[in-house]
Structures are given as structure tokens and as C-alpha cells.
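Below, each chain spelled out in residue letters.
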Amino acid sequence: MTSTDPAANAAQTPSASAPNGQATMQAPRIISSAADIHSVLAEFGSQGTKTTAVIILALGGIFMDAYDFSSLAFGITAIQEQFGLSGFMTGLVNASIMVGAVIGALFGGYLVDRFGRYKLFMADMVFFVVAAIGCAVSPNEWVLIAFRFVMGIGVGLDLPVAMAFLAEFSKLKGKGNRSQRVNAWSPAWYFATGMGYVIVLIIFITLPYEQHAILWRIVVGFGAVPALIVLLVRRRYLAESPEWLANQGDLRGAVEVMRSHHNLNVELAPAEERETPVASAAPEKGGRWSGFAELFSPRYRVRTIVALCVSVFSTFGYNAVAYGTPLIITTLFHQTPLITIIASLVINLGFGTLGGLLGMSIVNRFGTRKITLIGFVIQAVALGILALVGIPNGALVLVAVAMLAAFVFAQAGGPGANLMNYATLSYPTRLRGIGIGFNQSVLRAFSIVSLIMFPILAASLGTGVFWIVACAPLAGAIAVGIVAWDPTAKDVEHED
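Residues numbered from 1 in each chain as written. Predicted model: local features only at pLDDT ≥ 70, side-chain atom pairs only at ≥ 80, totals over all residues. Heavy atoms only, no water.

J.: Please set out the overall build of the chain residue by residue, giving values where relevant.
T.: For the chain, the helix and strand inventory stands at 23 helices and 4 strands. In the chain, which comprises 496 residues, the share counted as buried stands at 60%. Looking at the chain as shown, the accessible area adds up to about 18300 Å², and 69% of this sits on carbon and sulfur atoms. (Helix = DSSP H or I, 4+ residues; strand = E, 2+ residues; numbered from the N terminus. Buried < 20%, exposed > 50% of the residue type's maximum accessible area, 1.4 Å probe, protein only. Areas by Shrake-Rupley, 256 points an atom, 1.4 Å probe, with all protein chains shown as cover.)

J.: Any details on a nonpolar patch on the surface? Residues and values, ideally.
T.: Where nonpolar side chains cluster on the molecular surface, the patch consists of Leu 338, Ile 342, Val 346, Phe 351, Leu 354, Leu 357, Leu 358 and Phe 409 and spans about 660 Å² of accessible area. It is helix H18 (residues 337–366) that contributes the most residues to the nonpolar patch, 7 residues altogether. Counting through the fold element by element, Leu 338 comes out in helix H18. (Patch = residues over 30% accessible without salt bridge, like charges linked within 9 Å, V, L, I, M, F, W, Y side chains within 5 Å. Salt bridge = Lys/Arg side-chain N within 4 Å of Asp/Glu carboxyl O.)

J.: Go over the nonpolar core, please, and point to the residues and values.
T.: Residues Ile 37, Ile 62, Met 163, Phe 165, Trp 189 and Leu 383 are the most contacted members of the largest nonpolar core, which totals 117 residues. Element by element, the count of residues in this core is highest for helix H7 (residues 141–168), at 13 residues. Residues within four places of Ile 37 in sequence aside, it is in contact with Ile 31, Pro 242, Glu 243, Ala 246, Leu 251, Ala 254, Val 255 and Met 258. One finds Ile 203, Leu 207, Leu 215 and Leu 345 within the second-largest nonpolar core, a separate group that totals 12 residues. (Core = buried A, V, L, I, M, F, W, Y, C linked by side-chain atoms within 4.5 Å. Contact = heavy atoms within 4.5 Å.)

J.: Go over the side chain of Thr 90, please, and point to the residues and values.
T.: By the element assignment, Thr 90 lies in helix H5 (residues 87–115). If we skip the residues at most four places from it in the chain, Thr 90 touches Ile 76, Gln 80 and Leu 85.

J.: Quick rundown of the packing of aromatic side chains? Include the residues and the values.
T.: Inspection of the entire model under this criterion finds 10 aromatic pairs. A centroid spacing of 6.3 Å and a plane angle of 80° characterise the contact between Phe 83 and Trp 216, whose relative ring orientation is edge-to-face. Here the residue Phe 83 occupies a position in helix H4 (residues 76–83), and Trp 216 occupies one in helix H10 (residues 215–222), the gap between them amounting to 133 residues. An identical accessibility class is assigned to Phe 83 and Trp 216; each is buried. Pairing Phe 292 with Phe 438 gives two aromatic rings, centres 6.4 Å apart and planes at 65°, and the pair type is edge-to-face. (Phe/Tyr/Trp six-rings, centres within 6.5 Å; stacked < 30°, edge-to-face > 60°.)

J.: If you had to explain the packing of helix H3 (residues 49–70) against H7 to someone new, which residues and values would you point to?
T.: For the pair H3 and H7, the least separation of the axes is 9 Å and the interaxial angle reads 150°. Put simply, H3 runs roughly antiparallel to H7. Every pair of crossing elements has a handedness; the one defined by H3 and H7 is left-handed. The segment H3 lies against H7, with Val 54, Ile 55, Ala 58, Leu 59, Gly 61, Ile 62, Asp 65, Asp 68 and Phe 69 engaging Arg 148, Met 151, Val 155, Asp 158, Leu 159, Ala 162, Met 163, Phe 165 and Leu 166. In terms of residue class, the contact of H3 with H7 is made up of 13 nonpolar, 1 polar and 4 charged. (Axes fitted to C-alpha atoms, helices over the stretch in contact; angles between N-to-C directions. Parallel < 35°, antiparallel > 145°, perpendicular 65-115°, else oblique. Left-handed = near helix turned anticlockwise from the far one by under 90°. Nonpolar A, V, L, I, M, F, W, Y, C, P; charged D, E, K, R; others polar.)

J.: Now, about the packing of helix H6 (residues 117–136) against H10: what can you tell me, with residues and values included?
T.: If you want to describe how two helices pack, look at the angle between their axes and the distance between the axes. The interhelical angle for the contact between H6 and H10, taken along N-to-C directions, is 170°, at an axis separation of 7 Å. Classed by the angle they form, the pair H6 and H10 counts as roughly antiparallel. Across the interface between the two elements, Ala 132, Cys 135 and Ala 136 of H6 pack against Trp 216, Arg 217, Val 220 and Gly 221 of H10. The residue inventory of the contact of H6 with H10, partitioned by class, reads 5 nonpolar, 1 polar and 1 charged.

J.: So what's going on with unusual backbone geometry? Which residues, and what values?
T.: Positive phi, close to 55°, is recorded for Asn 263, a residue that is not glycine. Along the chain, the position of Asn 263 falls in the loop between helix H13 (251–260) and strand E4 (266–268). At Ala 489, a position not held by glycine, the phi torsion is positive, near 60°.

J.: Before we move on, can you summarise the pattern of salt bridges with the specific residues and values?
T.: In this structure the tally under the stated criterion is 7 salt bridges. Put simply, Asp 113, Arg 117, Glu 168, Arg 432 and Glu 493 are held in one network by salt bridges that share partners.

J.: Just give me the short version of the side chain of Asn 421, but keep the residues and values in it.
T.: Mapped onto the elements of the fold, Asn 421 is located in helix H21 (residues 415–425). In this structure the side chain of Asn 421 is engaged in a polar contact, spanning 3.3 Å, whose partner is the side chain of Thr 368. Those residues within four positions of Asn 421 in sequence are excluded, and the remaining contacts are Arg 178, Ser 179, Val 182, Asn 183, Val 363, Thr 368, Ser 426 and Pro 487. (Polar contact = N/O pair within 3.5 Å; in protein donor to acceptor, adjacent residues only side chain to side chain.)

J.: Residue-level account of H10, with values.
T.: Across the 8 residues of H10, 6 count as buried, placing the element largely inside the fold. All buried positions along H10 are accounted for by Leu 215, Trp 216, Arg 217, Val 219, Val 220 and Gly 221.

J.: Go over the environment of Val 198, please, and point to the residues and values.
T.: For Val 198, the position within the fold is in helix H9 (residues 185–206). Along the sequence, Val 198 and Ser 344 sit 146 residues apart, while their C-alpha atoms lie 9.6 Å from each other. Dropping the residues within four chain positions of it, Val 198 is found in contact with Leu 345 and Leu 349.

Have a look at this one:
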């Protein structure tokens, strides 16, 4: 609650705009409660370069998540041949990272609310470094599966904390708001996936043909390098989320971060003028396992269900089409490895990144719900055309690849981007980590099924598998069409 003194309130009134177009403060804003912290951050967000560094680091974590998820996508055919894997074992190698991600997300969501964003953010890169090196030197499929599982734990831990940072270091409305910055995870994801294929292409061209069997090891092991860089840089620039600190009753710590990292002119009220923070009992309310039950309380139940629908149905298609692009082009379209690499690179780096950037730019105008609905519809149409085309010949190869590109473009700008908006911005700070973690754990559980089943279905049904995959975006469109909840620019903090 802000001061009740009219003079003080007048002094705290922000000016219309700063030179960069953002609202700014004419005089210090006095902080006397957790509600004041939430209000100031919702209105002003960040005006400092250090917060920009925090956002970049959070996206750096997303980059590593995407790279590690996709680094094995091209090499899975070589792994299958090298280790003599059946369709089921090939799916298991793919899905092992998801099993780890289920566990990592479930516990990561709890831990990020219980112990804070900063501590968990500093820890998870260790998993990436160890796992990347372990995967690169794996002597057999079981060791590879084990280290992919460890890698998945790192991914599961990282996503809840990265999303929390993107949301909590941003303002509610205007340029650079929470919806836009949370949506930024999508172009970062596809840029990382595309760069993975750039690395594959460079190594494919420069490595002697007789050594192509180790190409996947080099690509996977390279993931340790950016992980180490992000880990070292994080130590210098990261700070705890002031919203989380406020929820723990640490107003002094929150004010210090707002001054040092957000460049906000705020001052802590004298001790006798501070309210007893409403969220001072946050370690008892939030960050406990009971928080999972609250996701299905009357206030949040519908939001949780629609967030799950968007996540599950969009990820089913993503795992089958975007993650499985090399398998589709090589096995179902019968193209050469070089064409497979180039097509996968263009689809992810070009169409995926552009789709993600477009989704960021229009989310304020159209809202999360509408963009998600349109994206699902485009995906269903693209998959239907792929099923009708069948095994492409001649010019139909371009049509089939164009449909893959359209699917990825719609995913990156629609449901693939906005699943994080639903999962992140539907809950207040005290439940955000648990909400994201639960959403991601369910998402990854369904990913396990899709990653294991898609190679099997593709082998038995051929291009007819696209009819089955098309059911996922259709179901997603129906769910989003029925449920009217849109988290864009919603101030969920003050619902408490």
C-alpha cells in the first residue's frame, strides 16, 4: 500500500514519459508493503541495463534448453545405425530427456518458489555441462539414455526459473511487457535449434565422410561450451526477483534489487510505517507442495486446464513435426542427408525464429488467446495437406517442405509461444514456479509418449501418420475456443 499522505502521493506521481518512451518517476516511490513492490513493477518494469542482462541470461537458458533438446534430432538416424536400435529404442533415446524434464520441472517449480529464482538459476547449468559431455562420449545406448535423462533434469529445472525471471523483470503493459518477454522464449528456442543445424552443416561439410559417424557426438558435446559461458556470466549479472523477495517479506532486499537492477527510484519506508507484508507467510502459502492443489482451486482451475490443453496439444505436434523434421525429410520424404540438414536449418532458423518474433510483436494487439487459436488452425491445415500429399515427388517435395515450414511458423508464433504465457502469467508470483513446473511436467510426460510413438507410427503408417498428428492442433483449437481466459496484461498479483 502506498502512503496515504496526499503530498507524498503527489511526489510519487510518475511523469508522462521518459526520453525512451517509458514512464518514469519524478520523486522516490515509497515502499511500505509487498503490494507496493508489485504495483511499481507492474507500472514501470525495468529501466536499467542490468535487467536487460538478466533477460538475456534467462533467454540464454532457453537457448541451452532448445539446443540440448534438438541437438540429437539430426543424429538420431546415425545413432540408430551405430547402436543397432529398434524403433522402440530409438524413441526411448529421444524420450529419455523428457523423462528427466518431467522430474526436473516438477521439483524445479516447487524449488523456485520455495528457495528463490536466483539460487536455482545458478545451479541448473551444471546439469547441461555434465550431460553434454557425457552424451558425447557414450559407448552405448544405455549410457546415452542416462546422460540424456540428466540433461532433461537441467532443462526441467531451468524453464520455470527462466520464465519467472522474464515475467518478474518486466512491466505489465506497454513495450517490453510481460507477455512480450515471456513470448521471447519462442524465437530464442528456434534460433537455438537453427544454430544447432548450422553447426551440424559446418561439421558435415568439413568432417571427412568416413568420420560422419561421430558427427552427432561433436554436436551434442558442443552444448557444454555455451552452457559454461552462460554459467560464468550469470554469476556476475543475476539478482533475485524483487517480487519473490517481497513475497517472502524481504522488502529491503526487494528495494535494493529495484534500485540496482531496475534503475527505479524507490525508497523503503521507515520501519514504523511499513505494513506487515501480506505475503510474509509465503514460505507457508507458496513454495509448498500444497501449492499444486491450489492450481485446481476455483480461482485457478480453468486457467490451469486451458494452459495444460495448449501445452499438451501443441507439444504433441511439435515433437512429431518440428523435432522430427530430420526423420520426416529423410525417412518419409526420402531425401539425402545434406538436403535434410539444409531444410531443417531453414525451417527452424528462418520460419521458426520469424514466427516467434511475429508472435511477440502482435501479442499486445490481438491477445494470447486469439493468436493461439489461429496458430492451431494453421497447423491442422498444414498437417492435413501433408497427409494428402503423401510421399512427395518433384514439385510436391517443395509443397511438403513448405507445409512443414508453415507448421513450425504457426507453432513458433502461436501455441508454441503462448503456452508459456498461459503457464506463466495465469498465476501470481507465489504460485508461478509451481504453475510453470506442473505445466511443464505434464507437457513432458505427453512428450515421452509422442517421441516414442511417432517413429513407430511413421514406420507403420508412412505419411498417413499426419492424419493422427493433426488431431492434436484440432483439439487445441477447440479447447482455446471454448475457454475465454486470456492472460495478456492481467494483473494476477492483486487478485490476492
